[in-house]
Amino acid sequence: MKVTLKIWRQPDAQTKGAMHTYDLDGVSSDMSFLEMLDVLNEDLIAKGEDPVAFDSDCREGICGMCGLMINGQAHGPEVTTTCQLHMRSFKDGDEIVIEPWRADAFPVIKDLVVDRGAFDRMIQAGGFISVNTGSAPEAHSVPVPRDDAIRAFNVATCIGCGACVAACPNGSASLFMGAKITHLGELPQGQPERDSRVVGMVSQHDAEGFGGCTNIGECTAACPKEIPLDVISQLNRDLQTALRHGH
Amino acid sequence: MTDMPDTTLTGDPSHDAPGEPADDAAGYYTPGDPIRDTKAPEGPIADRWQTRKFEARLVNPSNRRKLDVIIVGTGLAGGAAAATLGEAGYNVKSFCYQDSPRRAHSIAAQGGINAAKNYKEDGDSVHRLFYDTVKGGDYRSRESNVYRLAEVSTNIIDQCVAQGVPFAREYGGLLDNRSFGGVQVSRTFYARGQTGQQLLIGAYQAMERQVAAGTVEQFTRHEMLELIVVDGKARGIVARDMVTGEIQTHLADVVVLASGGYGNVFFLSTNAMGSNVTASWRAHRKGAYMANPCYTQIHPTCIPVTGSHQSKLTLMSESLRNDGRIWVPKKQADCEKDPRDIPEEDRDYYLERIYPSFGNLVPRDIASRAAKNVCDEGRGVGPAVEGVRRGVYLDFSAAIERLGRDGIEEKYDNLFDMYARITGENPYEVPMRIYPAVHYVMGGLWVDYDLQSSIPGLFVTGEANFSDHGANRLGASALMQGLADGYFVLPHTIRDYLADGPFEKIDESHPAVVEARAAVEDRVAHFLNTKGTRSVDSYHRELGNIMWEYCGMERTEDGLKKAIDLIRTLKDDFWRNVKVLGTADSLNQSLEKAGRVADFLELGELMCIDALNRRESCGGHFRGESQTDDGEALRHDDHFAYVAAWEFAGDGEPPVLHKEDLVYTAIEMKQRSYK
Ligand SMILES: Cc1cc2nc3c(=O)[nH]c(=O)nc-3n(C[C@H](O)[C@H](O)[C@H](O)COP(=O)(O)OP(=O)(O)OC[C@H]3O[C@@H](n4cnc5c(N)ncnc54)[C@H](O)[C@@H]3O)c2cc1C
Ligand code: SF4
Ligand code: FES
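Procedures and definitions
Residues numbered from 1 in each chain as written. Chains lettered and ligands numbered in written order. Predicted model: local features only at pLDDT ≥ 70, side-chain atom pairs only at ≥ 80, totals over all residues. Heavy atoms only, no water. Contact = heavy atoms within 4.5 Å. Buried area = accessible area lost by both parts, 1.4 Å probe. Salt bridge = Lys/Arg side-chain N within 4 Å of Asp/Glu carboxyl O. Polar contact = N/O pair within 3.5 Å; in protein donor to acceptor, adjacent residues only side chain to side chain. Helix = DSSP H or I, 4+ residues; strand = E, 2+ residues; numbered from the N terminus. Nonpolar A, V, L, I, M, F, W, Y, C, P; charged D, E, K, R; others polar. Buried < 20%, exposed > 50% of the residue type's maximum accessible area, 1.4 Å probe, protein only. Pairing = 2+ DSSP bridges. Near = heavy atom within 4 Å. Areas by Shrake-Rupley, 256 points an atom, 1.4 Å probe, with all protein chains shown as cover. Axes fitted to C-alpha atoms, helices over the stretch in contact; angles between N-to-C directions. Domains from an automatic or database assignment.

> Just to check I follow, could you spell out the interface of chain A and chain B for this structure?
Quoted interface sizes are often the accessible area lost when the parts come together. Opposite the 75 residues of chain A that make contact, chain B presents 78 residues. Between chain A and chain B lies a buried interface of about 6,200 Å² when both sides are counted; carbon and sulfur atoms form 51% of it. When the shortest N-O distance is used, the salt bridge between Lys117 of chain B and Glu138 of chain A registers 2.7 Å. If you look at where chain A meets chain B, you find 49 residue pairs in polar contact (both at pLDDT 80 or more). Secondary-structure elements contributing two or more residues to the side of chain A that touches chain B are α1 (33-46), β6 (108-110), β7 (113-114), α2 (117-124), α3 (146-156) and α5 (174-185) of chain A. With 7 residues, α3 of chain A is the single largest residue contributor to the side of chain A that touches chain B. Along the lines of polarity and charge, the residues of the side of chain A that touches chain B split into 37 nonpolar, 20 polar and 18 charged.

Quick look at the structure:
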């Protein structure tokens, strides 16, 4: 099939970008979306034009490296990552608009590549359990109710892709943060630092320039791992509790 | 190690002693001195690690702050090491090419991690895990290292649980285990089909905690392009900031490479797009031996190739083999039919037929070759690519009947979803189609018992070293090895080296530093100035085809020699005709790839030479010339029970082969049989 691509091109963070249009023929429905861009890039190189920069690594939907706004939707029309989106979700003659994540806290580096370093800094602010190597007790010394373990797992699947932020009109990272708070907060091992974790992460979140949550729900709709909105309620509850405890 | 006479082959096959196999690689390499000392302590195997830990000198806590450690890689091996050395108070610099340490390719591991906890009381023990690993590796690994791996495996689980890794649990709240590829006990811990992700996030969070504490400084989107060796010791790296293009020098007292595997030399593999050999290869060119580079693991359960646009292959965890049955039609004529219309009696469950006691759970190398054989016979299924159907069925209908759809969903949900997403087929209804793909490399930089390479001060951990897996790795053992190296082994062995530090201060004007930096700058300039006609990817794809064809599941003398010629020609063309657009001082993904492909081209040639030298079949290395009458792999312990450690001898010079003889004291070498 044949598609028309409108792609955001921006040489670097300092230079202004613009949309460019490319026609691409010979696209097969078995191709992944990124393989389609690979084919475009090979064409561009052959013509002596700079290929389109975009991020990807695992191409299995697990590393969180990829992420594009496709026709205004984070990761495109399906509930999955950009790398797992396939061209069978499009049809011959489609026009596809491709942009980078748009958020103040994620500056563009080049074309479709953005800087998500803010996520690492939020984890540094408390998204961990403090246990030095070698000091852990025997794994079976603390049984964890199976339901708690499952709930922790279900939200621990967040891949840190940033689609929630890109989809949110406020540019909030509450879903990402809520997922971490809930993952560690569901487990007995995460209890001792529960208060300091939420306070630390929330203040870093705000310092990074992410917006506040106004319960719109676009984040969860865009999330490829279907992290539920109630992690944000848990985040808010934990924050209230921590503040009550005098943090 | 006992001393063995230097039995290296001479360059001329006519000098071979009677009964010696022909030296297929004669003329392609130079014999070198054997490796006699691996630094493994003497004594009973169960005591060796305790002995080494005790003997390794301590570093005074107040001195640690003055010791700089560079760690390249943030996967399980590198992330765990950065966290642990940071906690100990060393001054750590951590590098990765992704935009966050959490994205290292360890994240993609699905199936699980082994540990000899024996929670199931099914007869598991440290010794059994050791035994299984050595046997699974087809008696081509170093026993002291493997024993240590089994020994520290239990600590890993404790550590990960304490970090909040949400492993699967039973109703009573205790940890669940499953059995995994090629073993008969249940010792695999898992987090649904995303074990690597959860383990890596545990290590990543521990590392980020150290970033906050100021002991670890992280450099994301930085690619190591050269090793700095001063007075014979590894003292730093040259890295390129992938955003600004700046070439940077980082100096330290010790360098750790945890840069992962090089399966992408095959272009198509289950590795991440960016996985590469550059860090290891640059070290190899500076003196680090590369061991057993030809040992490649080809994983039996991957989604088949669909066409020439394919950029990578996707693994379906082999845990699926616990419940799925593998088959192809008995008759070629049935291969086009809807599998559901093929009656039971017309199906060939070939693994169950050939290997009745292990059936669908035979080790990976065996399952992969069997799939290739049935497809070569013309009984493959799915769409034909270049004229051949390369796929076999992995059928869950019996398991769905037995466990219900819910039962299967709970165990494998994300894998089934991923399969449906990629193929557009629903595996709950139609059997999956799978085919082998390159997945893991057992080969890597040679290390001694301390995980130190042949360059003092350069340590290598995780998949990047030649590891504990011999000629074949058992499922769920790479995660174990990465975390064992990073959390529990390296931190002890590196301190013995660092006890002599801090080493003499060097600065950027040191000739060795200037030279390393200039080499990187020249290479970058060369790629941009060549202005040839072919894209980097087109070279990479062609190299991959050569490797897959001649150095893949079956290797022969003729094929390998042909491959070496083809690779040399391709390499030549690459350096003269590659087309890299853009500039050096900005994000330039073609430039990044060019450097990686340049190194893959050199590695590919060495892999073929190594495969040519090893005229035996062992583990993942199958030489057509060395098989039994019924087509099973045939090892030759009398000639090849050694690690082949290759030394770089200069561009265009044949590499030098150093042999480390493998001596087993705690285990008896046997011909593997899974029948
Ligand atoms: C799809 C898949 C599934 C798997 N499933 C399992 C499983 O179920 N169980 C199991 O035990 N094993 C499994 N494995 C194998 C296992 O995941 C890997 O062997 C292991 O995770 C490797 O870890 P590592 O830390 O050595 O390297 P990696 O995790 O690959 O990390 C490499 C690191 O090095 C960095 N790096 C590389 N080159 C450079 C450079 N030049 N400059 C700077 N940084 C660099 C990267 O950025 C990255 O941080 C699987 C592998 C794959 C591909
Ligand atoms: S919550 Fe979902 S959308 Fe947000 S970073 Fe995590 S996986 Fe991505
Ligand atoms: S590339 Fe890893 S999630 Fe898409």
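> In this structure, what is going on with the pairing of strand β23 (residues 642-647) of chain B? I would like to understand it.
For a regular strand, the rule is simple: side chains alternate between the two faces of the sheet. Residue and element names in this part refer to chain B. Burial runs high along β23: 5 of the 6 residues are buried. As defined by bridge partners, strand β11 (residues 290-291) adjoins β23 across 2 bridges and the pair is classed as antiparallel. Residue pairing across strands places Ala291 opposite Ala645, the latter belonging to β23.

> Is there a simple way to think about the site of ligand 2 in this case?
Residues and elements named next belong to chain A. The local shell around ligand 2 holds 13 residues, among which Cys158, Cys161, Gly162, Cys164 and Cys223 are the closest. Of all elements in the fold, only α4 (163-167) and α5 reach the threshold of two or more residues within the shell around ligand 2. Looking at the shell around ligand 2 residue by residue, the class counts come to 11 nonpolar, 2 polar and no charged.

> When you look at the site of ligand 1 in this model, what are you seeing that I'm missing?
Residues in contact with ligand 1 amount to 39 residues; listed here are only the nearest, Gln98, Ser106, Gly111, Glu463 and Leu479 of chain B. Neighbouring residues of ligand 1 are not confined to one chain but are distributed across chains A and B. Within the contact set of ligand 1, a nitrogen atom lies 3.4 Å away from a backbone nitrogen or oxygen of Gln110 of chain B. A distance of 2.8 Å is found between an oxygen atom of ligand 1 and a backbone nitrogen or oxygen belonging to Leu479 of chain B. Protein contact buries 97% of the 1,000 Å² of open area that ligand 1 shows by itself.

> Looking at this model, I keep getting lost on the environment of Gly324 of chain B. Mind explaining?
Residues and elements named next belong to chain B. Within the secondary structure, Gly324 is located in the loop between β12 (296-302) and β13 (325-329). Once the C-alpha coordinates of Gly324 and Pro431 are considered, the two residues, 107 residues apart in sequence, prove to be 9.0 Å apart. Residues in contact with Gly324, not counting those within four places in the same chain, are Asn360, Leu394, Asp395 and Phe396.

> Just checking my understanding: could you explain the sheet that holds strand β20 (residues 458-460) of chain B for this structure?
One key point about sheets: their strands pair by backbone hydrogen bonds, in either a parallel or an antiparallel sense. Residue and element names in this part refer to chain B. One open sheet holds the 5 strands; their spatial order is β6-β3-β2-β10-β20, and the pairing between them is parallel. Each having just a single partner strand, β6 (216-219) and β20 make up the two edges of the open sheet. Strand-to-strand twist in this sheet, taken as the mean axis angle between neighbours without regard to direction, amounts to 20°. With 4 bridges connecting them, strand β2 (residues 68-72) and strand β10 (residues 254-257) associate as parallel partners. Bridge assignment links Val72 to a residue of β10, and that residue is Leu257.

> Honestly, the domain arrangement of chain A in this entry has me stumped. Any pointers?
Residue and element names in this part refer to chain A. The assigned domain composition of chain A is domain 1 (3-110) and domain 2 (116-244). Between domain 1 and domain 2, the C-alpha centre-to-centre distance is 29 Å. Each partner contributes to the interface: domain 1 provides 19 residues, whereas domain 2 provides 19 residues. In total, about 1,300 Å² of surface goes out of reach between domain 1 and domain 2, with carbon and sulfur atoms giving 65% of it.

> For this particular structure, what's the right way to read the sheet that holds strand β17 (residues 392-395) of chain B?
All names here are of chain B. Strands sit in the order β12-β18-β17-β13-β14 across an open sheet of 5 strands; the sheet is antiparallel. The two strands at the open ends of the sheet, each matched to only one other strand, are β12 and β14 (347-348). Bridging between β12 and strand β18 (residues 432-441) involves 5 bridges; their strand directions are antiparallel. Counted as the bridge partner of His299 is Ala437 from β18.

> Sorry if this is basic, but what is going on with unusual backbone geometry here?
The phi angle of most residues is negative, glycine excepted, and most peptide bonds adopt the trans form. Cis geometry marks the peptide bond from Gly501 of chain B to Pro502 of chain B, where omega comes out at -10°. Position of Pro502 of chain B among the secondary structure elements: in the loop between α11 (478-498) and α12 (511-530). Positive phi outside glycine occurs at Glu226 of chain A, with the angle close to 55°. Position of Glu226 of chain A relative to the elements: it lies in the loop between α7 (218-222) and α8 (230-244). Here Phe267 of chain B, not a glycine, exhibits a phi torsion of approximately 60°, which is positive. Within the element layout of this structure, Phe267 of chain B appears in the loop between β10 and α7 (278-285).

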